[in-house]
Amino acid sequence: MKKPTLHEEIAGILKENCNNWMTAHEIAEQVNDRNIYLRQNNQTLTEFPMSSNQISARINKYLEIFEKDKNQHPQRVRLR
């Protein structure tokens, strides 16, 4: 089975949460708990957990997929 990319994993988490607004911290916790995503260098999330900064960076790279609520702090995200 093909492992998802990080943005696919984020999208899957948002779908599983009924596309409710979530913070990068909440998403990072779920990415780490699920332990499905595998880094390109094959390091597991057990060895090197995903940070909220990494989630935010990926969300910012794929704004055609993700919508940010800039009026909230911390910022929240959901699928477009």
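This report concerns the structure included in the present document. (Residues numbered from 1 in each chain as written. Predicted model: local features only at pLDDT ≥ 70, side-chain atom pairs only at ≥ 80, totals over all residues. Heavy atoms only, no water.)

### Concerning the overall build of the protein chain
The test is simple: The helix and strand labels rest on DSSP assignments: H or I over at least four residues marks a helix, E over at least two residues marks a strand, and numbering proceeds from the N terminus. Values of the radius of gyration come from C-alpha atoms, whereas the globule rule sets the reference at 2.2 Å times the count of residues to the power 0.38. Partly exposed describes any residue whose relative accessible area lies between the buried limit of under 20% and the exposed limit of over 50%, with all areas from a 1.4 Å probe on protein chains only and scaled to the type maximum. The protein chains shown are the only cover counted for residues, whose accessible areas, like all others here, come from Shrake-Rupley with a 1.4 Å probe. Charged-residue counts in this description rest on Lys and Arg as positive and Asp and Glu as negative, His and the chain ends being excluded. All charge positions are set by atom: Lys at NZ, Arg at CZ, Asp at CG, Glu at CD.
Scanning the protein chain from terminus to terminus reveals three helices and three strands. Counting from the amino terminus, helix and strand elements in the protein chain follow one another as α-β-α-α-β-β. For 80 residues, the compact-globule estimate of 2.2 N^0.38 gives 12 Å, and the C-alpha radius of gyration of the protein chain, at 12 Å, lies within 12% of that figure. Projected onto its principal axes, the C-alpha coordinates of the protein chain cover approximately 35 × 25 × 20 Å. Evaluated residue by residue, the protein chain yields a buried proportion of 31% over its 80 residues. Within the structure as shown, the protein chain displays about 5,300 Å² of accessible surface, and the carbon and sulfur contribution to it stands at 47%. A gap of 6 Å separates the mean positions of the 12 positive and 10 negative side-chain charges of the protein chain.

### Side note on the packing of helix H1 (residues 6–16) against helix H3 (residues 52–61)
Two quantities define a packed helix pair, namely the angle between the axes and the distance from one axis to the other. As a reminder of what qualifies: Every angle, taken between N-to-C directions, lies between 0 and 180 degrees, and every axis is a line fitted to C-alpha atoms, over only the stretch in contact when it is a helix. Roughly parallel here means an angle under 35 degrees, roughly antiparallel means over 145, roughly perpendicular means 65 to 115, and every remaining angle is called oblique. Pairs of residues are marked as contacts when any of their non-hydrogen atoms sit within 4.5 Å. Note on residue classes: Ala, Val, Leu, Ile, Met, Phe, Trp, Tyr, Cys and Pro are nonpolar, Asp, Glu, Lys and Arg are charged, and everything else, Gly too, is polar.
Relative to each other, H1 and H3 sit at 95 degrees, their axes nearing to 10 Å. Comparing the axis directions of H1 and H3 gives the class roughly perpendicular. The residues of H3 that touch H1, namely those facing Leu6, His7 and Ile10, are Gln54, Ile55, Arg58 and Ile59. Taken together, the residues of the contact of H1 with H3 sort by class into four nonpolar, two polar and one charged.

On their own, these measurements won't tell you what the molecule is for.
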